[in-house]
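# Overview (structure and organization)
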Amino acid sequence: MVIYSVYVVNKAGGLIYQYDNYVPRAEAEKTFSYPLDLVLKHHDEKVVVSFGQRDGIRVGHAVLSINGVDVVGKNTAEGKDTLEYLNDPANYPVSIRFGRARLSSNEKLMLASMFHSLFAIGSQLSPDVGSSGIEMLETDVFKLHCFQTLTGIKFIVLADPRQSGIDALLRKIYEIYSDFALKNPFYSLEMPIRCELFDQNLKGSLEIAEKAGNFGAGS
Amino acid sequence: MSRQSNRTTDSKKMNSELFTLTYGALVTQLCKDYENDEEVNKQLDKMGYNIGVRLIEDFLARSSIGRCQDFRETADVIAKVAFKMYLGCTPSVTNWSPAGDEFSLILENNPLVDFVELPDNHSTLVYSNLLCGVLRGALEMVQMAVDVRFAQDTLRGDNVTEIRMKFIKRIEENLPAGDE
């Protein structure tokens with residue numbers, strides 16, 4: 001039972017803290033010879049597999065590194081276009097690592113503000129007055145839990161659907177925020193949280209929540 | 001399984017005299033720096049405001065109190081929960097205005113002013129003005145604009161310390177979703 005990520009969104013909808021707790025399990029590194037039997041294409045500043053599936057490499061996986069060196073967007077580390085590089089037989093044999101691309105920080109920022117607006121829509125759609133915003137979002141792979149404080153800060157936790165005790169965990173993260181972020185006089189409100197003690201304590205409470213499965217009992 | 005964080009839900013015992021001394025040092029230094037009581041009062045209010053906007057989250061995180069429905073509930077929560085939690089005293093709520101938008105908090109003992117006497121040349125200094133700023137800042141973060149001032153002060157010869165709080169308006173900008 002895993003807790004995948006924690007997001008903290010400020011009153012204006014900006015992401016002020018983000019922590020990823022998971023390691024993408026689906027990654028595959030293979031050595032290829034010319035010609036490449038996978039069809040690659042550009043998508044969203046990345047190079048992804050559009051056709052061809054083998055050995056753990058699936059459609060939608062992005063090129064993560066070539067010959068052990070991480071790629072930078074669409075280009076190799078040296079700045080050459082990845083597709084051109086892989087079309088040149090002189091560069092083979094080549095070892096490419098494929099995997100599910102992680103979200104970049106810009107994408108996370110955008111998704112957080114989008115969630116902020118959707119959260120408000122949740123309360124507007126309500127048939128009755130005084131509904132809260134979105135508290136939980138469920139997919140078949142994860143559950144997203146959201147807790148909004150009276151002051152407008154949102155704490156969002158993405159976890160395994162079977163993980164219990166997330167409500168208590170959200171309250172605990174609120175306590176950790178009020179302790180290690182707010183009581184740090186050098187932290188300005190609404191700004192990105194860059195406090196080491198906050199990170200440490202957050203990680204600690206995530207570990208406790210994962211192990212206990214039901215955080216809060218006996219604490 | 002040991003925890004990394006100190007469990008500060010039970011308040012760490014600290015010498016309240018150190019707290020009184022610290023606050024006293026702060027006020028006297030401000031007096032030396034600004035040399036003008038009005039200016040010092042303003043600075044104390046500003047400092048209190050900065051404390052208040054942070055303290056409210058700590059208060060909400062630890063007390064799990066929900067949103068108050070009206071100003072009377074707010075007054076009760078401030079007097080019975082907040083003051084108790086942070087200053088260890090429970091002021092009484094009195095002198096409600098007919099419209100229900102103004103009330104007084106009467107404190108019998110104010111921990112900030114233990115052992116303090118105001119000299120004559122600082123007769124307009126509101127020594128505990130930090131508290132006014134704290135209350136103002138904290139309530140602003142939960143979308144209430146209030147005016148807070150000291151109506152009576154034991155340091156200036158009155159029998160009790162009285163803080164007068166007046167509700168001005170509800171802050172409608174940037175309301176958290178779901179609170180309209």
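Here is what the cut-offs are and how they apply
- Residues numbered from 1 in each chain as written.
- Chains lettered and ligands numbered in written order.
- Predicted model: local features only at pLDDT ≥ 70, side-chain atom pairs only at ≥ 80, totals over all residues.
- Heavy atoms only, no water.
- UniProt positions renumbered as here; feature names shortened; annotations may be inferred.
- Helix = DSSP H or I, 4+ residues; strand = E, 2+ residues; numbered from the N terminus.
- Buried < 20%, exposed > 50% of the residue type's maximum accessible area, 1.4 Å probe, protein only.
- Areas by Shrake-Rupley, 256 points an atom, 1.4 Å probe, with all protein chains shown as cover.
- Lys, Arg positive; Asp, Glu negative; His and termini not counted.
- Charge placed at Lys NZ, Arg CZ, Asp CG, Glu CD.
- Salt bridge = Lys/Arg side-chain N within 4 Å of Asp/Glu carboxyl O.
- Expected span 1.5 Å × (residues − 1).
- Contact = heavy atoms within 4.5 Å.
- Pairing = 2+ DSSP bridges.
- Axes fitted to C-alpha atoms, helices over the stretch in contact; angles between N-to-C directions.
- pLDDT = per-residue confidence, 0-100.

For chain B, an unreviewed UniProt entry supplies the name Trafficking protein particle complex subunit and the organism Zoarces viviparus. What the UniProt record of chain B gives under Sequence similarities (unreviewed entry) is the line "Belongs to the TRAPP small subunits family. BET3 subfamily."

Under the annotation held in an unreviewed UniProt entry, chain A carries the name Trafficking protein particle complex subunit and is attributed to Zoarces viviparus. For chain A, the Sequence similarities (unreviewed entry) comment in UniProt is given as "Belongs to the TRAPP small subunits family. TRAPPC4 subfamily." Quoted verbatim from the Function (unreviewed entry) heading of the UniProt record, the comment on chain A is "Core component of the TRAPP complexes which has a function of guanine nucleotide exchange factor activity for Rab1 GTPase. Plays a role in vesicular transport from endoplasmic reticulum to Golgi and autophagy. May play a role in dendrite postsynaptic membrane trafficking."

## Things to note about the overall build of chain A
Looking only at helices and strands, chain A has four helices and eleven strands in total. Taken over the C-alpha atoms alone, chain A extends approximately 60 × 40 × 35 Å along its principal axes. Within chain A, the proportion of its 219 residues that are buried is 43%. Accessible surface for chain A amounts to roughly 11600 Å². Of this, 53% is attributable to carbon and sulfur atoms. Side-chain charges of chain A comprise 22 positive and 26 negative groups, with the mean position of each set lying 2 Å from the other.

## Overview of the pattern of salt bridges
Considering all chains together, one arrives at 17 salt bridges over all chains under this definition. The partner of Arg97 of chain A in a salt bridge is Glu29 of chain A, with the nearest N and O atoms 4.0 Å apart. A residue pair is termed long-range when its members are at least 10 positions apart, and Arg97 of chain A in strand E8 (residues 94–99) and Glu29 of chain A in strand E3 (residues 27–32) qualify at 68 residues. For Arg97 of chain A, a relative accessible area of 21% translates into the label partly exposed. Salt-bridge contacts for Glu39 of chain B lead to Lys42 of chain B; the nearest nitrogen and oxygen are separated by 3.8 Å.

## A few points about helix H4 (residues 129–141) of chain B
Residue and element names in this part refer to chain B. Spanning 13 residues, H4 covers 19 Å between terminal C-alpha atoms, matching the ideal 18 Å at 1.5 Å per step. Counting buried positions over the 13 residues of H4 gives eleven, a clear majority of the element. Among all positions in H4, only Asn129, Leu130, Leu131, Cys132, Gly133, Val134, Leu135, Gly137, Ala138, Leu139 and Met141 are buried. Where the residues of H4 are buried, they touch helix H1 (16–34), helix H2 (37–63), helix H3 (71–87), strand E3 (144–152) and strand E4 (161–170). Taken from the residues just after H4, Gln143 is the one with a positive phi, measuring 65 degrees.

## Section: the sheet that holds strand E2 (residues 15–20) of chain A
Residues and elements named next belong to chain A. What the five strands build is an open sheet, ordered E2-E1-E11-E10-E9; its pairing is antiparallel. Each end of this open sheet is capped by a strand with a single partner; those strands are E2 and strand E9 (136–138). Sheet twist, expressed as the mean angle between neighbouring strand axes with direction ignored, is 10 degrees. The pairing of strand E1 (residues 3–9) with strand E11 (residues 154–159) spans six bridges and is classified as antiparallel. Following the sheet pairing, Ile3 is matched in E11 by Ala159. Packing against the sheet, helix H2 (residues 105–124) makes contact with E1, E2, E9, strand E10 (143–148) and E11, and its axis sits at approximately 115 degrees to E2.

## Concerning the confidence of the model for chain A
The predicted model of chain A averages 86 in pLDDT, with 95% of residues at 70 or higher. For the stretch residues 215–219 of chain A, pLDDT sits under 50, and the model shows nine contacts to residues farther than four places along the chain or on other chains.

## What about the sheet that holds E3 of chain B?
All names here are of chain B. Strand order in the open sheet made by the four strands is E1-E2-E4-E3, with antiparallel pairing throughout. Of all strands in the sheet, those with a lone pairing partner are strand E1 (92–94) and E3, marking the two edges. Each adjacent strand pair in this sheet contributes to an overall mean axis angle of 30 degrees, direction not counted. With eight bridges joining them, E3 and E4 adopt antiparallel strand pairing. Note that in E4 the partner of Val148 across the bridge is Met165. Packing against the sheet, H3 makes contact with E1, strand E2 (102–107), E3 and E4, and its axis sits at approximately 15 degrees to E2.

## Re the confidence of the model for chain B
Residue and element names in this part refer to chain B. The pLDDT averaged across chain B works out to 87; a share of 92% of its residues lies at or above 70. H1 is the least confidently modelled element of chain B, averaging 91 in pLDDT, while H4 averages 95, the highest of any element. Scoring of the predicted complex yields 0.84 for pTM and 0.84 for ipTM.

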